[in-house]
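# Residue-level structure breakdown
If you want the building blocks of each chain, they are given just below.
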Amino acid sequence: MDRKQAMRFIQLFSLGLTWSPVKAVELVAKSGLSPYSRDMRRILLASAVEGHSLQDELNTFCENLSYRPLAIAVKSLLQGASSQDIVNTLKNFIRTEIELENRELDHKMAIRLSAAFLTMMLLASASALGTIPPSLLSPISICLLMISIFRFLVWRLDLWKLLQKR
Amino acid sequence: METASKTVIVEALADSLQFNRNPVVALKQIALWNPEIRDLIMRAIADNETTRQIMEELRNIFGDYGPWIADILTSGADPVFIGKVLRDTASIMRVMDELDAERRALLRSRRNLTRFLIVILGVMSAAFSKISELLWYMILRNPYNSSLPFALIGAAFTIFMVEEVRMSLKWLVYYLIPFLLMTFFLGYLFG
């Protein structure tokens, strides 16, 4: 689940909801926000062509969402009586997401630092105890560096593609 | 243009629409609020452009909200209702600006923390390389220079961390400087 996409989805949905639920669905459908825009296009088609109720379709969409906080936020947005409720729901959801995003980042950093510490400790002790020859340290380190550079390049390429698309 | 003034302009647009009930007149009035958009709107009105065309020109100024505001203004709905929607849009814009600023501040603090962790990683790599050299010398009675492999392992994990906080490889400097300093210091200490 991409947190940024979820935040953008809620932002657009709230924006459209200040007009009407149909407009909210339309706005997300037009945004090209995958995978939500595809779902919203399907909902629009189901309500406009097949004559299903938009509310029912949105409820089904919420039930099928794997990320429960997003489903709850959409449901409470749909139940929101006034524009103030919409703004409050949007604010609460995004604030929680920002906190979770930061916590996630903290965990990832802690894991990476611990992994670095563990790797170095294992390699130093294994080579000192004779489990691996010291000459094996260089290929292992080069391998690790290659993997990290490859991952970095893949990430930069994805970023570049995203910017090109925009 | 500042994001705050973007919100103020949308609110002004809602106000003038409630009085004038005409999107083009409302756009003309909000043009007075900002010199940057004044030229655009005046030129567009002089060329007899429609509201949608004017909004297309303003798209860059309103950013993500441009198409939405254009949609509202050209919907042909009751201007009072449009004014209400614009006011709600302005509230959402304000909340989003506030949350964006919060997110940026938190990310900045996480980046500072990461920078600090990378410095620690540099010190740690240097310490491990020198400790392993010492161990090899004590156990195997054979000197072996391990600075480069440990430097590369540290650099690999630094890149993993840099990638996570969406920064460039320039951040390797935060790793290399403490690594080199610590290596020289420990080298001098152990001989």
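Values in this document were obtained by computation on a predicted structure and should not be read as measured data.

A tally of helices and strands in chain B yields 8 helices and 0 strands. Seen in sequence order, chain B has helices and strands lined up from the N terminus as α-α-α-α-α-α-α-α. On the principal axes, the C-alpha backbone points of chain B span a range of 90 × 30 × 25 Å. Here chain B, with 191 residues, has 39% of them falling under the buried criterion. In chain B, the share of contacts with a sequence separation of at least 24, taken over all contacts with a separation of at least 6, comes to 58%.

The next subject is the overall build of chain A. Within chain A one finds 7 helices and 0 strands. Reading the helices (α) and strands (β) of chain A from amino to carboxyl end gives α-α-α-α-α-α-α. Against the 2.2 N^0.38 benchmark of 15 Å for 166 residues, chain A shows a C-alpha radius of gyration of 23 Å, more extended than a compact globule. Dimensions of chain A, computed from C-alpha atoms along their principal axes, come out at roughly 70 × 30 × 25 Å. Here chain A, with 166 residues, has 30% of them falling under the buried criterion.

Turning our eyes to something else, we now look at the interface of chain B and chain A. Taken together, the contacts link 40 residues of chain B with 40 residues of chain A. Mapped onto the side of chain B that touches chain A, the elements with two or more residues apiece are α6 (79–140) and α7 (147–164) of chain B. When grouped by side-chain class, the residues that make up the side of chain B that touches chain A number 27 nonpolar, 7 polar and 6 charged.

Below, the discussion takes up helix α6 (residues 83–129) of chain A. Its 47 residues place the ends of α6(A) 68 Å apart at the C-alpha level, agreeing with the 69 Å of an ideal helix rising 1.5 Å per residue. Of the residues one or two after α6(A), A:Gly130 is the one with positive phi, at around 90 degrees.

Our focus in this paragraph is the confidence of the model for chain B. Detailed conclusions should not be drawn from predicted coordinates in areas where pLDDT is low. Per-residue confidence for chain B gives a mean pLDDT of 83; residues scoring 70 or more make up 95%. As scored by the predictor, the complex reaches a pTM of 0.80 and an ipTM of 0.81.

Turning our attention to the domain arrangement of chain B. Segmentation of chain B into domains returns domain 1 (3–76) and domain 2 (106–190). Spacing between the C-alpha centres of domain 1 of chain B and domain 2 of chain B amounts to 55 Å.

A few words now on the packing of α6(A) against α7(B). As a packed pair, α6(A) and α7(B) sit with axes 10 Å apart at the nearest point and diverge in direction by 170 degrees. Taken together, the axes of α6(A) and α7(B) lie roughly antiparallel to each other. For the pair α6(A) and α7(B), the contacting residues are A:Leu105, A:Lys108, A:Met109, A:Arg112, A:Ala115, A:Ala116, A:Thr119 and A:Met120 in the first and B:Phe150, B:Ile153, B:Gly154, B:Phe157, B:Phe160, B:Met161 and B:Glu164 in the second. By residue class, the composition of the contact of α6(A) with α7(B) is 10 nonpolar, 2 polar and 3 charged.

Looking at where B:Arg52 falls in the secondary structure, it is placed in helix α4 (residues 51–62). Along the backbone, B:Arg52 and B:Pro67 are 15 residues apart, and their C-alpha atoms lie at a distance of 9.0 Å.

The rules behind these values
Residues numbered from 1 in each chain as written. Chains lettered and ligands numbered in written order. Predicted model: local features only at pLDDT ≥ 70, side-chain atom pairs only at ≥ 80, totals over all residues. Helix = DSSP H or I, 4+ residues; strand = E, 2+ residues; numbered from the N terminus. Buried ≥ 20, exposed ≤ 12 C-beta atoms within 10 Å, placed from the backbone. Contact = placed C-beta atoms within 7 Å. Rg over C-alpha atoms; globule rule 2.2 N^0.38 Å. Nonpolar A, V, L, I, M, F, W, Y, C, P; charged D, E, K, R; others polar. Expected span 1.5 Å × (residues − 1). pLDDT = per-residue confidence, 0-100. Domains from an automatic or database assignment. Axes fitted to C-alpha atoms, helices over the stretch in contact; angles between N-to-C directions. Parallel < 35°, antiparallel > 145°, perpendicular 65-115°, else oblique.

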